[in-house]
Amino acid sequence: MRTRLLKFKIPLFFLVLLLGFNLSVHAQNSIDVRGVVSDASGDPLPGVNIVIKGTLQGTLTDPNGNYRITVPGSDAVLVFSFIGYNSQEVTVGNQSEINVSLKEDLKQLDEVVVIGYGSVARKDVTTAVSTVSTKEIDERPIVSAAQAIQGKAAGVNVYQPSGAPGGEMVIRVRGTTSFNGSNSPLYVVDGVPVDNLNFLSPMDIASMQILKDASSAAIYGSRAANGVILITTKQASGEAKISLNTQFGVSRVANQIESLNASQYKELMDEIRPGAIPEGTTDQTDWFNEVYGTGITQNYQLQISDGNDKTRYFISGGYLNEKGVLSSAFFRRYNLRSNVESQVRSWLNIGLNLSYSDNTRNGVTTGAGSNRGGVVLAVVNLPTASNIIDPQTGLYNRTFFGQNIVNPIESIENGKNNKNNENRLIASGSSTITFLPELTLKSSFTLDRRNGKVTGFNPPVHGADRDDWGNAWDTRSTNTLLVFDNVLTYKKTFADKHNFEAMAGSSWTDSQWSQSYINGSHYKDDNIHTLNAANKISWNGTGSGASGWGIMSVFGRLSYNYESKYLFTFNIREDGSSKLHPDYRWGTFPSFSAAWRMSSEEFMQGLTWLDDLKIRGGWGQTGNQSGVGDYAYLQRYNITRQAWFETGKEDALPLITQANLRTSDLTWETTSQINLGLDATLFADRVTIAMDYYSKHTEDMLMYVSLPAGAAASSNIVRNEGEMMNRGVELSVSSRNFTGAFTWNTDFNISHNTNELKSLELQQIYYDAETTDAFHQIRVVRNEPGRALGGFYGYISDGVDPETGELMYRDTNEDGKITASDRTYIGDPNPAFTFGLTNSFSYKGFSVNVFLQGAVGNDIFNASKGDVMGMYDLKNQSTEVLHRWRTPGQITDVPKAGFVMQPSSYFIEDGSYLRVKDITFSYNFSGGILNKLGVSRLQPYVTATNLLTLTDYSGMDPEVNQWGNSGAVQGIDWGTYPHSKTFVFGLNVEF
Amino acid sequence: MKTRYILSILIISLLAACSMDYDPLDTYSDVTEGVSEDSVQVVFEDKADVLAHRQTLLNLYKNSQEHWYLDMLLLAESHSDNAYAGSPGAETTPFEVNSIEGSNTNLRRDWNSHMGNIAQANRLISFIDDVNDPALTDAEKLQYKAEAKILRAMIYFDMVRIWGNVPLVTTVAGDITSETVDDVYPAYFPPQTDALTIYQQIEADLLEGLQYAPANDPQDKTQFSKSVARALLAKVYAEKPLRDYDKVIQYADELAADGYELVDDYSDLFGVILTDPNSPPSQENKAIDAKARNTKETIYEAQYFPGNTNWATWMYGRPLNDWTFYFTWAKWITPSRDLIKAFQSEVGDKRYAETVVFYSCGWNIYYPADNYAFMYKCRSAYNSTIKMRYADILLLKAEALIGKGDYSGAAQIINQTRQRAGLNNLPASASASEEAITEAYMKERRLELAMEGQRWFDLVRLEKVEEVMNAVYAKDEGRPAQVYPFTSLSYILPVPQDIIDQNPNLVQNPGY
């Protein structure tokens, strides 16, 4: 129970002194105490924490609720605590047997919430902070911590843009703030800002908080404009505990697009290009079954923790192996963690957190047409009449009736040689000095070192129709981040009513990155893949690079509350960043918030159904400078090597050409946010409600601006270009519908966000998103001021003309011709609502947990449809084209083969969906044999993920975005790796 | 006591000033190249910088294969009667069937690339005079500026023939900051200028270039020499806005005086050296180098050498240096039946075998798979791409003579190229009337310069677009059906819609 002990840290050293003194004098007076801990209905409670108050010494109850502890003296106080129950304190006195009955804690208000550089009781929070429950993390097959957030926090939109192993997630807190910079929130793990969570095993997480509004996030100032996710890893709590979590899962693709068989394909080809396909072709290959298989996930985590009155530690290690449904895609991670904390002196507490992780992944080409190696589309586009292997040569087939398609089996086989490995060490040492009970100084120094290695190899192949010489690549990079933080905190309560806290601190971050890359070709055979075996090292694809950046900050906070009734907090932070122009690189980010606990007022005392009501409001400014390059304000040059092997050029030197325009006034992007909220607890703590309204206005938005070519030697510049606005409402409700032997809890959250690009200074219209070749590189997303980001732009299609079979496009400007000027906005990928609903039921050790999440009102641009239903070249198509128009007078919604295809509303579909994301059945064993073995928890479970998706979307999966985390482009499905249905069997054991 | 000790150390370390100055470690930037000296912006610090940028300009055509060779051929050959698009696709088929409009992404790429090249040339022209290095003499400054002006003229000449109305940019715009943004906006978002003014700028650039550019170097045809200026002037004066046939003849003659003449063997221009010169090319019998570079006929070419080769070769057919490379999907610029018929009507034309080659392949889109036609003038990765050669200018002289009424003089010139191609002279009836000589001239020019990026521009210049192109769809059974007829508005292509969206000061060309 580390969080509870935090409160006691200050008076700790007094008590330790006292106890120590006591111990030395009264050493012979230690007493043995034992007893049973049970709940309100008399059932024994295993795993209850019993701690001698003022120390770290304690024990746990066994599976029968029994405990036994030795206390130093009769005035020792035992604290009994257990999650979800009110703790009790009992003075030992003369008793040798103390039985305790714990009452369920329906008050979540005593829970401690971690905020920036400090922590506060939930009831005293004046800002919009969401807590993500980590209770069921060990029952879900999640690979990354970000997956744990999905659907669990209002206003936080999390989705997985592709189903590739490794679980890359997109997290958006309260809308899109940045046009083409970064929209990711800041991740802070144990006080250390990190850029991604790949290294963190979700089971190491003790608590997760999301700071959503400016007044909470402003303490992280310059990097907090997109919100902050605070993660605290586990620490020992009381007696020794060993826990083992294992998971084994199988997955299969949920959806398939059926393709035409050989005779249907020939029929179609005869309409598009007669004579291209010879007679008498038959079905040879079932491409779907050749390419897609069964994915297997294994996860093993072991955690050991222990501690005594001075020192405690938490060690964990684990192995995760996720093999994807496309056989060469995988994600594998080893993780090791050691969190140690020790009170070496009464006034000095030292901590060391070490975490090491090694992860390797391999991907598959997606988001490309089948002619550029896109595997997902190739499965549909390949004629069933083609073979994988050319029967005459024995080599991979590459000709498919003249159509340019890359053989996906060959890509997958070659893809097995590609590896992307990263190992990361985060070492964080901290010291907390207590000058006075109220005054502490915490200093911490962190080293975050990351090594990445990307290697790949394509084997040499020679045949009558091909001469591949084999090529390989090797890129290695190292990133070293140093963080040095100092935080001075003063906390005091005056007259038991006035609670006052002041905090001041400084932070310094330095990052150094370097990289080397080699490309080589011409291999003798495919046995050795390293580059020493390549005869030709690429003369302009080999080199090294380096860069660095730094941030320096000072910050402070003042907070005051009167009996937790009137609460005020003021934060300020001043940041300087090396990425911005020296004259403009310092920014000040203040914020202010206040809250009023209305329920503590006299006039509210009569309302019995209302336990707690707090209204809060705040305003703050946060900054952003991520997503621009390290030296964005400087004019930089591209280096071009000259071919020194040409005659006359033996000693030629590289040429430089201007790469960008300089920005001599590049400064912070600033987001000002107002937040109004309400927290209420009702019906004897059965229902908890949180509601928020927010309005975010971003100014000096950092953007990569492109200008018309010709005016200067480069036409791109990074500058503070525009303004963006996001407004929304959030609601989250938690209720305990049934308590007692049968329990049923519900957690529900829903949010709505309106986004608008308010203004741009230079170029007003930006096009983005080139998708399928079928659209001749026309971009389908258009952004301009006055609209939400990501609008789809194209023609309006009015269905199929029954007379000609062509798709009719609307002549919106009525000039008699269908030209580019007839295009207009045809869709919006931003959802009207996103929501998550979790229901958990339990009865006598058996529990069921159902998690649903979804989005409503978002449009998807189905670019894959252009490749599988476009009927414009020799690619095989989906069976949907059997409904195509063929005779005059036929009424259908699929146009004829070879119709004029433009990006149009024909490709826009409603992407609203409701997904049963996780269903978990688990059973908690207890009793006889387990007690003898010393096992305190044995819980097998079964979880089904992505079991059912309700949607009108016709593509493979509505939760995709080929453009991943992009702000300007969302909601495009183009050959993206689909999600899979997974069944997981797992076991949680604790000793 | 101890705590105070520790406290003071920590406070000192807290206040330790940490520098925020991080300089780029792997990139040249304002830090290394210098931004300003006495508030005057320094672009080129010394002669070495100037020479490096000049080398970039010299490499420009070589590095622009996509927009200056591939796309140019698509426009000149597939948008005329010489070729089919080759690989049906939404960016290529509109050229073949005349349905190009503002959304065509090839044109967007070409516009942006050409304008980008203009900016590179302007950089040298605008800032070379500010260089403060005694090693850079005034004569050299004039020479380098002249070379850049010839390059700029060459780019604008292509742009104005494609789009007609393009923005005329001759300076480099200043820095953008929140203070200067309103002042520099017109420079970054320029309006279009009419074609005549563009031509006048081209003429001025070329005349100045002619004065100071270096003389022709027979061993290096990648330079911007006086001869390049002369050749361009001959082409400019043949075009309608500044038409002056006397000047065309004058510059053609000056080129002859510079030492240019037709090579004796046409195959020198586009040939390769094979491993075994006595056998036909194959997977084993690879090309090891181009047959010839810097011939006496080429005026301006981009050269490619083993190790630093051209990549466009595999877009057209089999690269003879790597027989099977990418030969699994349909190729661009497939020679049309109309062109092949034209060649075959001149029996024994040696140019036929140099322009069109037949292979068997794995697709039968325009021709049967066992005997498929491919463009042959970029047959290996070592071959140069010739932008201008003397035969072009010589034939323009013939055109000028026709314009002046001297039909027999024109016929004499036409006979020169015919003889080189192994054909007999024109019959006397050919020079009898304007119609006859024009027809003979156009056919000769077509066969001589097929697949070299000339045909469409010839049809435009001679105002034969409607006559020839509206008829070819009926004559050539391999050509997909025409979508829109060619009209007087078809002579220039549409300004890409994306470019207009980007710059609201631009206006679309009429008819699109």
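Structure shown above.
Calculation criteria
- Residues numbered from 1 in each chain as written.
- Chains lettered and ligands numbered in written order.
- Predicted model: local features only at pLDDT ≥ 70, side-chain atom pairs only at ≥ 80, totals over all residues.
- Heavy atoms only, no water.
- Contact = heavy atoms within 4.5 Å.
- Buried area = accessible area lost by both parts, 1.4 Å probe.
- Salt bridge = Lys/Arg side-chain N within 4 Å of Asp/Glu carboxyl O.
- Polar contact = N/O pair within 3.5 Å; in protein donor to acceptor, adjacent residues only side chain to side chain.
- Helix = DSSP H or I, 4+ residues; strand = E, 2+ residues; numbered from the N terminus.
- Nonpolar A, V, L, I, M, F, W, Y, C, P; charged D, E, K, R; others polar.
- Disulfide = S-S within 2.5 Å.
- Buried < 20%, exposed > 50% of the residue type's maximum accessible area, 1.4 Å probe, protein only.
- Core = buried A, V, L, I, M, F, W, Y, C linked by side-chain atoms within 4.5 Å.
- Axes fitted to C-alpha atoms, helices over the stretch in contact; angles between N-to-C directions.
- Parallel < 35°, antiparallel > 145°, perpendicular 65-115°, else oblique.
- Left-handed = near helix turned anticlockwise from the far one by under 90°.
- Pairing = 2+ DSSP bridges.
- Phe/Tyr/Trp six-rings, centres within 6.5 Å; stacked < 30°, edge-to-face > 60°.
- Lys NZ or Arg CZ within 6 Å of the ring centre and 35° of its normal.

A. Highlighting the interface of chain B and chain A. Facing 79 residues of chain B, the contacting portion of chain A comprises 90 residues. Taken together, both faces of the contact between chain B and chain A bury some 7300 Å²; the carbon and sulfur share is 57%. Of all residues in chain B, the largest losses of buried area upon contact with chain A belong to Met20(B), Tyr22(B) and Ile176(B), amounting jointly to 10% of the total for that side. Residue Arg662(A) is joined to Asp175(B) by a salt bridge in which the shortest nitrogen-to-oxygen separation is 3.1 Å. Here chain B is connected to chain A by 20 residue pairs in polar contact (both at pLDDT 80 or more). Mapped onto the side of chain B that touches chain A, the elements with two or more residues apiece are α1 (2–15), α2 (30–33), α3 (47–58), α6 (105–127), α8 (181–188) and α20 (497–502) of chain B. Broken down by element, the side of chain B that touches chain A gets its largest block of residues, ten residues, from α6(B). In the side of chain B that touches chain A, the residues fall into 33 nonpolar, 30 polar and 16 charged.

B. Looking closely at the state of the cysteines. Residues and elements named next belong to chain B. Scanning the model with the defined rule gives zero disulfides over all chains in all. For Cys361, which is in no disulfide, the shortest distance to another cysteine sulfur is to Cys378 and amounts to 18 Å. Residue Cys378 is classed as buried on the basis of its relative accessible area, which comes to 2%.

C. Summary view of the nonpolar core. Of all hydrophobic cores here, the largest spans 151 residues; its most connected members are Trp111(B), Leu151(B), Ile202(B), Leu206(B), Tyr316(B) and Ile333(B). Examining the composition of this core, we find that 14 residues originate from one element, helix α7 (residues 138–163) of chain B, more than from any other. Excluding residues within four positions of it along the chain, Ile333(B) makes contact with Leu73(B), Leu74(B), Glu77(B), Ser78(B), Ala83(B), Tyr84(B), Ala85(B), Gly86(B), Tyr316(B), Met375(B) and Met451(B). If you look at the next biggest cluster of nonpolar residues, it comprises 65 residues, including Ile826(A), Met869(A), Met901(A) and Ile908(A).

D. Molecular detail of the packing of helix α16 (residues 407–420) of chain B against helix α17 (residues 434–448) of chain B. Residues and elements named next belong to chain B. Viewed as axis vectors pointing N to C, α16 and α17 meet at an angle of 25°, and their least axial separation amounts to 10 Å. The angle between α16 and α17 falls in the class roughly parallel. For α16 against α17, the interelement crossing comes out left-handed. Across from Tyr407, Ala410, Ala411, Ile414, Thr417, Arg418 and Arg420 in α16, the residues of α17 making contact are Glu434, Ile437, Ala440, Tyr441, Glu444 and Glu448. Partitioned by chemical class, the residues of the contact of α16 with α17 number seven nonpolar, one polar and five charged.

E. Main features of the pairing of strand β4 (residues 66–71) of chain A. Residue and element names in this part refer to chain A. Because side chains alternate across β4, one face comprises the buried residues Tyr67, Ile69 and Val71, and the other comprises Asn66, Arg68 and Thr70, none of which is buried. Note that strand β1 (residues 31–39) and β4 share six bridges and pair antiparallel. Residue Asp32 lies in a different strand from β4, and its bridge partner there is Thr70.

F. Representation of the packing of aromatic side chains. Going through the model one piece at a time under the given rule, you end up with 55 aromatic pairs over all chains. Judged by centre distance (4.3 Å) and plane angle (20°), the rings of Tyr185(B) and Phe189(B) are stacked. One aromatic cluster is present, built from ring pairs that chain together Tyr84(B), Trp323(B), Phe327(B), Tyr359(B), Trp363(B), Tyr366(B), Tyr367(B), Tyr372(B) and Phe374(B). One residue, Arg782(A), lies across the ring of Tyr793(A), its end atom 4.4 Å from the ring centre.

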